[in-house]
Structures are given as C-alpha cells and as structure tokens.
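This is what each chain is made of:
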Amino acid sequence: MIDDLKKHLAEVENFSTDNLDTVESFRIKYLGKKGLLNQFFAEFKNVSAEDKKEYGQTINELKDKTTKKVNDLKNQLNNKKVLNKKFQDLTRPSEPIEIGARHPISIVKNQIIDIFSRIGFNVSEGPEIEDDWHNFTALNLPEHHPARDMQDTFFIQTNPDILLRTHTSSVQVRYMENNKPPIRTISPGRVYRNEAISARSHCFFHQIEGLYIDKNVSFADLKQTLQFFTNELFGKSKIRLRPSYFPFTEPSAEVDVYWGLESETDYKMTKGTGWLEIMGCGMVDPNVLENCGIDSKIYSGFAFGMGIDRIALLLHQISDIRLLSENDIRFLEQFKSAL
Ligand code: PHE
C-alpha cells in the first residue's frame, strides 16, 4: 500500500503540462471528491498499526505536493496567457516610463536659492540636531530669557543642551564662527517646533534664512534686497516692513507682501487686508556678531528668515500644510511639470 503511495508521489513530482485542461484533470484525479487522495485516506483504517505512521506521513506529503503542483502550474500557465496576449499586438504602444516629480518644498527652495544666488549669496547648511549655544545663546537668547518661549522646543530628554533646531539661524551662527566677512549666505533646512499639527502649522517645517555682513551695511540695503527677492518670486510686488521684535536683530521687522483683494480666496488668505506676512528680518544685533567672533565696530549686517512651506502653499494654492509631508502620490504627481 505504501509502495502504491510512493509511486503516486513520484508521478506527481514528475507531472508537467502546458495545458490548463490537463492540470484540471490532474487535480480532479488526485484532489477531487472521489479522487485518489480521498481513497487513500479512507484506506487508513485498514493499515496495520506499525505502518500507520509512515502511511500517514506519506499521504500528507502526497496531498501537499499535489496541491502545490496544481497551484504552481495554474499560475505559470495563466501568466503565460497574459504575456502571450500582450506580445501578440505588435502595434501596441510601449509601457510609459514613469518620471518622478520634485517635491513642492524642493521646487520653491530651489527657486529661492536661485534668486539669491543671482545677487551673490551662497548656500550654507548645518545640523538639525543642535546645541543650545548655536540655536539660542549665541543669538542673544541667554538661558531663562523670556523670548525662548516664542519657540516651543524639542529637547533631548537626557541632555537639555541638545535639541532639534527651531530655526536655521543656528546655521548662520556656525557660518559666522567659521568665515570672515564679507558674508552673503542663505541657509535652507528643516526645523522643528513643538506645535499642534493642523492645516496651518506642523511640528516640522522648512526655512530659508539669509545673512549679509560687511562694512557699512544698512537697513536700506536690507529693504532693497527683500524688494528684489519678492519681485523675482511673486512678480512685481509691493512690500511693507512692520516694526517687530527678534532677540538677534535690532531693529527688527516683519515683511508683508501685497497679495491683492480680487477674489474671495484673497480675502480669506489675507484676512481681508490684502497683505500677507512672509518673513521676519532685521539688522544683526551687535551682541550676536561679537558672540560669533566678528568685530561689531567694523562690521554690520542684516538677516532675514522665511518659511518655505508657507510660500509653497501660497504659490501652489495648497490648502493644507499636512499634504506636504503625507507622501500621497496623487498629490506629488501634480508637480511633474514644475521646475
Ligand atoms: N529666526 C527667525 C524665526 O525663526 C526668523 C528671523 C531670521 C527673523 C532672521 C529675523 C532675522 O522666526
């Protein structure tokens, strides 16, 4: 009896065909209701006690191998069918080659870098995991300074000196420490703040900050630089500077660009004023220059910083900042034609 089973095992192992109907008759022969396997199972009770173990194992092996064989052959032959169909039509256009798209953050970041590089700014980068000195203290925010509350910070629990940078001003500190004026640099990068996630804000986003240091740099230079920038990015535009406060600049200002009030969306976006706030700026505080080893009696400079995400939302009419980090292919695909 076991020999009989083994004969079938060999038959199953050697079975092959390129015809789906033959596979089906093979399946019925072995696995059908009245098939061989059921017959062998029925015989089990007649097998002598000492043979039961081997008989049982062999019959299970036969069942597994047959099922696998049937499934494999079916898959193989079905795939072949699909392939044959495809290759029969020689006039069929080839499969399109999918091209990727740049992320809107990269597109806008590159646009901004491009504008500033035309007026002599280079690009500098620094670490996202920062120390207290570069993110706060060197920027005129000593420990316990109330202005530290302006930015809720992610600290590393075991070491309060280490944190996720809250702005890319930290890169400017590093740049000043390592380079002599004249300095003209912009620092793009990801920054982190402990904020609730909503359509308008996220706990991580991107900034570009700029720094210009030389002899006799004035507020007028700052304003002209920003006017050049907004004209290039938004088309000819009107800007205004509103007095503001940052610990690392004095005087400081917020920059608004005139967006217009032509549609209902314009009303919503500008809260009915027509103006959009796009960045912070100011003359670098002499304390900051000194902290970074630059003689504030000889040199002066300006700095500015803006959120790339916010500008990307504006330029591409995106309604929710979360879309920028969700990696939904349907969203990302829409930027294929952009730069
Ligand atoms: N670092 C500021 C911020 O993150 C922006 C800024 C940069 C303001 C430079 C003034 C000068 O909000």
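This write-up is about the structure you can find in this document. None of the values given here were measured: they were computed from a predicted structure.

For the rest of this paragraph, the subject is the pattern of salt bridges. Inspection of every chain in the model, using the stated rule, returns 18 salt bridges. Lys-74 is the salt-bridge partner of Glu-24, the closest N and O atoms lying 4.0 Å from each other. Highlighted residues: Glu-24 in helix α2 (residues 20–31) and Lys-74 in helix α4 (residues 52–88), separated in sequence by 50 residues. Judged by relative accessible area, Glu-24 falls into the partly exposed class, the value being 28%. We classify Lys-74 as partly exposed; its relative accessible area is 29%. Of the charged contacts in the structure, one is a salt bridge between Asp-114 and Arg-118, with a shortest N-O distance of 3.4 Å.

For the ligand, the set of nearby residues contains 14 residues, the closest of which are His-167, Ser-169, Arg-193, Gln-207 and Glu-209. The separation between a nitrogen atom of the ligand and a polar side-chain atom of Ser-169 is 3.1 Å. For the shell around the ligand, the element with the highest residue contribution is strand β10 (residues 300–307), accounting for three residues. Residues of the shell around the ligand, tallied by class, amount to five nonpolar, seven polar and two charged.

Below, the discussion takes up the packing of helix α5 (residues 104–117) against helix α8 (residues 219–234). Interaxial distance between α5 and α8 falls to 10 Å at its minimum, and their mutual angle equals 135°. One finds that α5 runs oblique with respect to α8. Read as a crossing pair, α5 and α8 show a hand that is right-handed. Mapping the contact onto sequence places Gln-111, Ile-112, Ile-115 and Phe-116 in α5 and Thr-225, Phe-228, Phe-229, Glu-232 and Leu-233 in α8. Looking at the contact of α5 with α8 residue by residue, the classes come out as six nonpolar, two polar and one charged.

With that settled, consider α8. For α8, with 16 residues, the first-to-last C-alpha span of 22 Å sits near the 22 Å given by 1.5 Å per residue. For α8, the full list of buried residues reads Leu-222, Thr-225, Leu-226, Gln-227, Phe-229, Thr-230 and Leu-233. Tucked into the core, α8 has its buried residues touching α5, β7 (239–246), β8 (249–258), β9 (275–284), β10 and α11 (308–315). Immediately downstream of α8, the backbone of Gly-235 shows phi near 85°, a positive value.

Parameters at a glance
Residues numbered from 1 in each chain as written. Predicted model: local features only at pLDDT ≥ 70, side-chain atom pairs only at ≥ 80, totals over all residues. Heavy atoms only, no water. Salt bridge = Lys/Arg side-chain N within 4 Å of Asp/Glu carboxyl O. Helix = DSSP H or I, 4+ residues; strand = E, 2+ residues; numbered from the N terminus. Buried < 20%, exposed > 50% of the residue type's maximum accessible area, 1.4 Å probe, protein only. Near = heavy atom within 4 Å. Polar contact = N/O pair within 3.5 Å; in protein donor to acceptor, adjacent residues only side chain to side chain. Nonpolar A, V, L, I, M, F, W, Y, C, P; charged D, E, K, R; others polar. Axes fitted to C-alpha atoms, helices over the stretch in contact; angles between N-to-C directions. Parallel < 35°, antiparallel > 145°, perpendicular 65-115°, else oblique. Left-handed = near helix turned anticlockwise from the far one by under 90°. Contact = heavy atoms within 4.5 Å. Expected span 1.5 Å × (residues − 1).

Geometric values such as these leave the question of function open.
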